[in-house]
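Each chain, written out:
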Amino acid sequence: MLNYLWGAMIFIGIVVAAFNGNMAEVTNGAIDSAKEAVNLAITMLGIMSMWTGIMKIGERAGLIKSMSRKMQPFLRWLFPTVPKDHKAMEYISTNVIANILGLGWAATPAGISAMKELQKLNKDKTTASVPMCMFMIFNMSSLQLVSINIIAYRSQYNSQNPSEIIGPGIVTTLISTLTAIIFAKIMEIRK
């Protein structure tokens, strides 16, 4: 449905430009947008590569494992039915750490692995388990201390102060995470 909507808007824009004699501007706009998209993609690829590499270095240095141990009491409270030393807890920890650092792209592989491991613990393979639902809701709320990708976007588009969104970002993601946890715990109790 969305494809039809976008297709219709593009078609209408081209027709209106043709009737107004602005086809050159449409063509130039398309070429400029394509250049900008490639520049942004290259910038984001560089930033993603750097931060994913830093995550790997932190993992090999034992930093991720150390942070995971410190988060265990909280994660045990969120996921009481997942065995303490289960592989899912390791993946959940890695996902949470990456999200807190604003590295959603580095969090994704760990999140997928966590869901696969949680599915192994799931008795009913056709319905998401309570831990799976908790992880999905907690992951989507995405508590972030530093939103690296938003800062990169703002920097790419010449923001005067790309990092000024850190404070509001922390407050907003903290509220969304607390709301998600409260909602998931209420639903867990109701079940």
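The rules behind these values
Residues numbered from 1 in each chain as written. Predicted model: local features only at pLDDT ≥ 70, side-chain atom pairs only at ≥ 80, totals over all residues. Heavy atoms only, no water. Helix = DSSP H or I, 4+ residues; strand = E, 2+ residues; numbered from the N terminus. Buried < 20%, exposed > 50% of the residue type's maximum accessible area, 1.4 Å probe, protein only. pLDDT = per-residue confidence, 0-100. Phe/Tyr/Trp six-rings, centres within 6.5 Å; stacked < 30°, edge-to-face > 60°. Lys NZ or Arg CZ within 6 Å of the ring centre and 35° of its normal. Contact = heavy atoms within 4.5 Å. Expected span 1.5 Å × (residues − 1). Polar contact = N/O pair within 3.5 Å; in protein donor to acceptor, adjacent residues only side chain to side chain. Core = buried A, V, L, I, M, F, W, Y, C linked by side-chain atoms within 4.5 Å. Patch = residues over 30% accessible without salt bridge, like charges linked within 9 Å, V, L, I, M, F, W, Y side chains within 5 Å. Areas by Shrake-Rupley, 256 points an atom, 1.4 Å probe, with all protein chains shown as cover. Salt bridge = Lys/Arg side-chain N within 4 Å of Asp/Glu carboxyl O. Axes fitted to C-alpha atoms, helices over the stretch in contact; angles between N-to-C directions. Parallel < 35°, antiparallel > 145°, perpendicular 65-115°, else oblique. Left-handed = near helix turned anticlockwise from the far one by under 90°. Nonpolar A, V, L, I, M, F, W, Y, C, P; charged D, E, K, R; others polar.

### Here we look at unusual backbone geometry
Phi is positive for Asn 158, which is not a glycine, with a value near 60°. By secondary structure assignment, the location of Asn 158 is in the loop between helix 7 (148–156) and helix 8 (166–190). Residue class for Asn 158 comes out exposed when judged on its relative accessible area of 64%.

### Topic: the confidence of the model for the protein chain
The predicted structure's coordinates, where accompanied by low pLDDT, should not be read in detail. In the predicted model, the protein chain carries a mean pLDDT of 86, and the fraction of residues at 70 or more is 99%. Considering each helix and strand of the protein chain separately, the mean pLDDT is smallest for helix 7, with a value of 78, and largest for helix 6 (residues 130–141), with 89.

### Examining the packing of aromatic side chains
Counted by the stated rule, this structure contains two aromatic pairs. Each ring, one from Phe 74 and one from Trp 77, has its centre 6.2 Å from the other, and the planes form 35°; the classification is tilted. Of this pair, Phe 74 and Trp 77 both sit in helix 3 (residues 63–78), three residues apart, which is roughly one turn of the helix. Given the relative accessible area of 37%, Phe 74 is considered partly exposed. Three or more aromatic residues joined by ring pairs form one cluster here, namely Phe 74, Trp 77 and Phe 138. The ring of Trp 77 is capped by Lys 185, whose NZ or CZ atom sits 4.6 Å from the centre of that ring.

### Focus on the side chain of Ser 93
Note on placement: Ser 93 falls in helix 4 (residues 87–100). Non-local contacts of Ser 93, meaning those with residues more than four positions away in its chain, are made with Ser 68, Met 71, Gln 72 and Leu 75.

### Quick notes on helix 2 (residues 23–60)
Taking 1.5 Å per residue, 38 residues should reach 56 Å; helix 2 reaches 55 Å between its end C-alpha atoms and fits that length. Buried within helix 2 we find Leu 40, Met 44, Ile 47, Met 55 and Gly 58. Turning to helix 2, the residues buried within the fold contact helix 3, helix 4, helix 5 (104–121) and helix 7. Of the residues one or two after helix 2, Gly 62 is the one with positive phi, at around 90°.

### Considering the side chain of Thr 173
With respect to the helices and strands, Thr 173 occurs in helix 8. One polar contact links the side chain of Thr 173 to the main-chain carbonyl oxygen of Gly 169, over a distance of 2.8 Å. Among all residues touching Thr 173, those that are not within four sequence positions of it are Ser 141, Ser 142, Leu 143 and Gln 144.

### Observations concerning the nonpolar core
Membership of the largest hydrophobic core comes to 31 residues, with the highest contact counts inside it found for Phe 79, Ile 92 and Leu 118. Of all the secondary structure elements, the ones that give two or more residues to this core are helix 2, helix 3, helix 4, helix 5, helix 6, helix 7 and helix 8. The contact partners of Phe 79, leaving out residues within four places of it in the chain, are Met 89, Ile 92, Pro 131, Met 134 and Phe 135.

### Side note on the environment of Val 15
By secondary structure assignment, the location of Val 15 is in helix 1 (residues 2–20). Here Val 15 falls in the partly exposed class, since its relative accessible area comes to 29%. Considered as a pair, Val 15 and Tyr 157 are 142 residues apart in the sequence and their alpha carbons are 30 Å apart.

### Here's the deal with a nonpolar patch on the surface
Residues Leu 174, Leu 178, Ile 182, Phe 183, Ile 186 and Met 187 make up a contiguous nonpolar surface patch of about 550 Å² in total accessible area. Residue placement: Leu 178 occurs in helix 8.

### Here we look at the packing of helix 4 against helix 5
The interhelical angle for the contact between helix 4 and helix 5, taken along N-to-C directions, is 160°, at an axis separation of 8 Å. Judged by the inter-axis angle, helix 4 sits roughly antiparallel to helix 5. Relative to helix 5, the crossing made by helix 4 is left-handed. Contact residues: helix 4 offers Lys 87, Ala 88, Tyr 91, Ile 92, Thr 94, Asn 95, Ala 98 and Asn 99, while helix 5 offers Gly 104, Ala 106, Ala 107, Ala 110, Gly 111, Ser 113, Ala 114, Glu 117 and Leu 118. Counted by class, the contact of helix 4 with helix 5 contains nine nonpolar, six polar and two charged residues.

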